[in-house]
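Structural features, examined
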Amino acid sequence: MLNTLTERFNELANPHRAKAMSAYMKNHFEFFGIPSPERKLIQVDWFSSFKIKNLDELISLVTQLWNLPQREYHYVAIELLARNKKLWSEDCAVFFEDLLVTNAWWDSVDTLSSQVIGPFFKKFPEVKFQYLELWKNSSIFWLRRVCIIHQLSYRKDTDLDILTEMILLNNDSNEFFIKKAIGWALRQYAKTDPEWVLRFVDLNPLKNLSKTEAVKNIRM
């Protein structure tokens, strides 16, 4: 099954572009050098060529993709998970956590957060509280970033108590990806309730980056 995908990726591999893409990701990963639109077309064709029958098969295939060195495989793995939400169970939380901390960088963490963790927590709210409690004080800042941004697509369903708690727990952090996450989460919620965000920013002494990001589309 994977051979077909690999053949297509190899056909479109571009070493020059791959080098630039790797540099953009601080050389943390190898790339085939395939632009996102072309990769997505390949994904669609590949996904249509087979059917995932059960959760074990889904996890096995995602794991195989995640263990390959080229970053494009990781993007495919996340999309594969997102397309098979109906197969998810509560026990997937352990597997999802492993994906978040393995091959971790902002691109995978943010996409997993929006396409997998956010929907998963909506589907299994009892698991949400268990894992947010585990992650919110983690020494792995990527997990704390997920706590902050997993509600980006929730809009009016955003739990403001959770959002507030996760921001204030991390407000003293000097980690760039945490400060950026705080600003991003607030900026996104401002599309639903800008007045709430403005009050929050005025009442809480956020780091400059977080504050700038939070109000950039409100205070022009």
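Just above, that's the structure.
The shown structure was predicted, so the numbers you read here are calculated from the model rather than taken from an experiment. (Residues numbered from 1 in each chain as written. Predicted model: local features only at pLDDT ≥ 70, side-chain atom pairs only at ≥ 80, totals over all residues. Heavy atoms only, no water.)

The next subject is the packing of aromatic side chains. For the coordinates displayed, the defined rule picks out 22 aromatic pairs. Ring centres of W88 and F96 lie 5.4 Å apart, and the angle between their planes is 75°; this geometry places the pair in the edge-to-face category. Grouping residues by exposure puts W88 and F96 together as buried. When the ring of W105 is compared with that of W142, the centres are 5.7 Å apart and the planes differ by 65°; the resulting orientation is edge-to-face. Pair noted here: W105 is in the loop between α6 (92–101) and α7 (106–123) and W142 is in helix α9 (residues 141–149), with a separation of 37 residues, a long-range link. By relative accessible area, W105 is classed as buried at 15%. For W142, a relative accessible area of 8% translates into the label buried. Chaining the aromatic ring pairs together yields one cluster made of W88, F95, F96, F120, F121, F124, Y131 and W135. A cation sits over an aromatic face here: R71 above F29, 3.7 Å from the ring centre. (Phe/Tyr/Trp six-rings, centres within 6.5 Å; stacked < 30°, edge-to-face > 60°. Buried < 20%, exposed > 50% of the residue type's maximum accessible area, 1.4 Å probe, protein only. Helix = DSSP H or I, 4+ residues; strand = E, 2+ residues; numbered from the N terminus. Lys NZ or Arg CZ within 6 Å of the ring centre and 35° of its normal.)

Packing of helix α1 (residues 2–12) against helix α3 (residues 36–47) leaves a shortest axis separation of 11 Å and a crossing angle of 155°. Overall, the two elements α1 and α3 adopt an arrangement that is roughly antiparallel. Here α1 runs over α3; the crossing is right-handed. For the pair α1 and α3, contact is made by L2, T4, L5, R8, F9 and L12 and by E38, R39, I42 and W46, respectively. Classifying every residue of the contact of α1 with α3 by side-chain character gives 6 nonpolar, 1 polar and 3 charged. (Axes fitted to C-alpha atoms, helices over the stretch in contact; angles between N-to-C directions. Parallel < 35°, antiparallel > 145°, perpendicular 65-115°, else oblique. Left-handed = near helix turned anticlockwise from the far one by under 90°. Contact = heavy atoms within 4.5 Å. Nonpolar A, V, L, I, M, F, W, Y, C, P; charged D, E, K, R; others polar.)

In this approach, a probe sized like a water molecule rolls over the atoms, and the result shows the empty space that is left. Tallied over the entire structure, the rule returns 1 cavity of 30 Å³ or more. Lining the largest cavity are I148, I149, Q151, L152, R155, T158, L163, A185, Q188, Y189, K191 and T192. When contributions to the lining of the largest cavity are tallied by element, the ones reaching two or more residues are α9 and α11 (176–190). Element by element, the count of residues in the lining of the largest cavity is highest for α11, at 3 residues. Each residue belonging to the lining of the largest cavity can be placed in one class, and the counts come to 6 nonpolar, 4 polar and 2 charged. (1 Å grid on protein atoms, 1.4 Å probe; cavity = no way out; pocket = protein on both sides within 12 Å on 5 of 7 lines; lining within 4 Å. Points joined across faces, edges and corners; volume = space filled by probe spheres on them.)

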